[in-house]
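Examination of the molecular architecture
In case you want the letters, here they are:
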Amino acid sequence: MKKVLFSLAALLISTSAHAVHSGSSWSQIFADRDAVVTHGYAIMGIKLENACMTDTEIRSIEPTTQCAELAPRTVYAPGGEGGGPYTEWDCVRYETKIVSVPRTYERPECLRLEGGGERSPECVEFGTVTVTVPRTIDTQVYVTRGEAGQSFSKPFTFPSCPVVYPR
């Protein structure tokens with residue numbers, strides 16, 4: 001029994017010793033299947049671990065597989081409940097390619113809030129703002145391991161994309 005408890009304790013200690021933290025390298029964080037990295041920028045399907053940056057765009061370093069065509073599918077609620085049929089979309093064709101998105105884009109945003117106090121603030125004026133993704137962005141890393149989850153902030157700096165010369 002002591003051997004089993006000792007082995008279990010050693011396993012727990014080794015697992016927690018390898019947990020990523022704010023001092024971990026990005027390669028360690030990206031390799032940890034329990035770590036999720038979030039940020040507030042629209043880089044459409046390009047994962048940070050596969051991203052590089054030029055002056056004008058963010059590109060995937062390796063080809064990325066993405067959905068190239070969606071098809072509608074009618075779904076009926078079980079037992080006829082739920083207000084009738086609805087449509088779900090399935091990917092029917094994928095493409096593998098180098099993906100790029102502009103570094104500068106427009107994003108819808110609330111420009112003016114009114115209210116407060118006893119009433120929740122309400123957006124009364126919508127518009128767009130121009131966003132340029134900086135070379136270094138703030139990220140939030142969430143690590144989930146059962147009930148022992150943690151999160152921390154960590155800056156990520158995009159590597160420069162290799163220069164490709166036309167033939």
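Up top is the structure.
What comes next is a walk through the structure. Each chain has its residues counted from 1, following the order in which its sequence is written. Local features in this predicted model are restricted to residues whose pLDDT is 70 or higher, and side-chain atom pairs enter the listing and the counts only when it is 80 or higher, whereas totals over whole chains, interfaces and linings include all residues. Only hydrogens and water are set aside when side-chain values are computed; all heavy atoms of the structure are taken into account.

Things to note about the state of the cysteines
Here is the rule: In this description, a disulfide is simply a cysteine sulfur pair whose atoms lie within 2.5 Å. Comment: elements are numbered from the N terminus, with helices defined as DSSP H or I runs of at least four residues and strands as E runs of at least two.
Applying the stated rule across the entire model yields three disulfides. The disulfide that involves Cys110 links it to Cys123, with 2.2 Å between the sulfurs. One disulfide, between Cys110 and Cys123, carries an S-S torsion of 110° and so falls in the right-handed class. One end of the pair, Cys110, is in strand E7 (residues 104–114); the other, Cys123, is in strand E8 (residues 122–132), and 13 residues separate them in sequence. If one numbers only the bonded cysteines of the chain, in the order they occur, the disulfide pattern is 1-6, 2-3, 4-5.

Section: unusual backbone geometry
Here is the rule: The classification of residues rests on relative accessible area computed with a 1.4 Å probe and restricted to protein chains. Under 20% of the type maximum is buried, over 50% is exposed, and intermediate values are partly exposed.
Phi angles above zero are rare outside glycine, and Met44 is one such case at about 20°. With respect to the helices and strands, the residue Met44 is situated in the loop between strand E1 (35–38) and strand E2 (51–53). When its relative accessible area of 57% is taken as the criterion, Met44 is described as exposed.

Considering the pattern of salt bridges
For clarity, the threshold we go by: Whenever Lys or Arg places a side-chain nitrogen within 4 Å of a carboxyl oxygen from Asp or Glu, that contact is recorded as a salt bridge.
According to the stated counting rule, one finds 10 salt bridges in the structure shown. In this structure, Asp34 and Arg33 form a salt bridge, with 3.9 Å as the shortest nitrogen-oxygen distance. Taking the relative accessible area as the measure of exposure, Arg33 reaches 78% and is therefore exposed. The network of salt bridges with common partners includes Glu69, Arg93, Glu95 and Lys97.

Comments concerning the packing of aromatic side chains
Here a ring pair, both rings aromatic, is described through the centre-centre distance and the interplanar angle of the planes. The criterion, for reference: Only Phe, Tyr and Trp rings take part, Trp by its six-membered ring, and two of them pair if their centres are within 6.5 Å. Stacked means planes under 30 degrees apart, edge-to-face means over 60, and tilted covers everything else.
Under the criterion given, the structure shown has four aromatic pairs. Taken together, a centroid distance of 5.2 Å and an interplanar angle of 85° make the contact between Phe156 and Phe158 edge-to-face. Here Phe156 and Phe158 have matching classes, each one buried. Chaining the aromatic ring pairs together yields one cluster made of Trp26, Phe30, Phe156 and Phe158.

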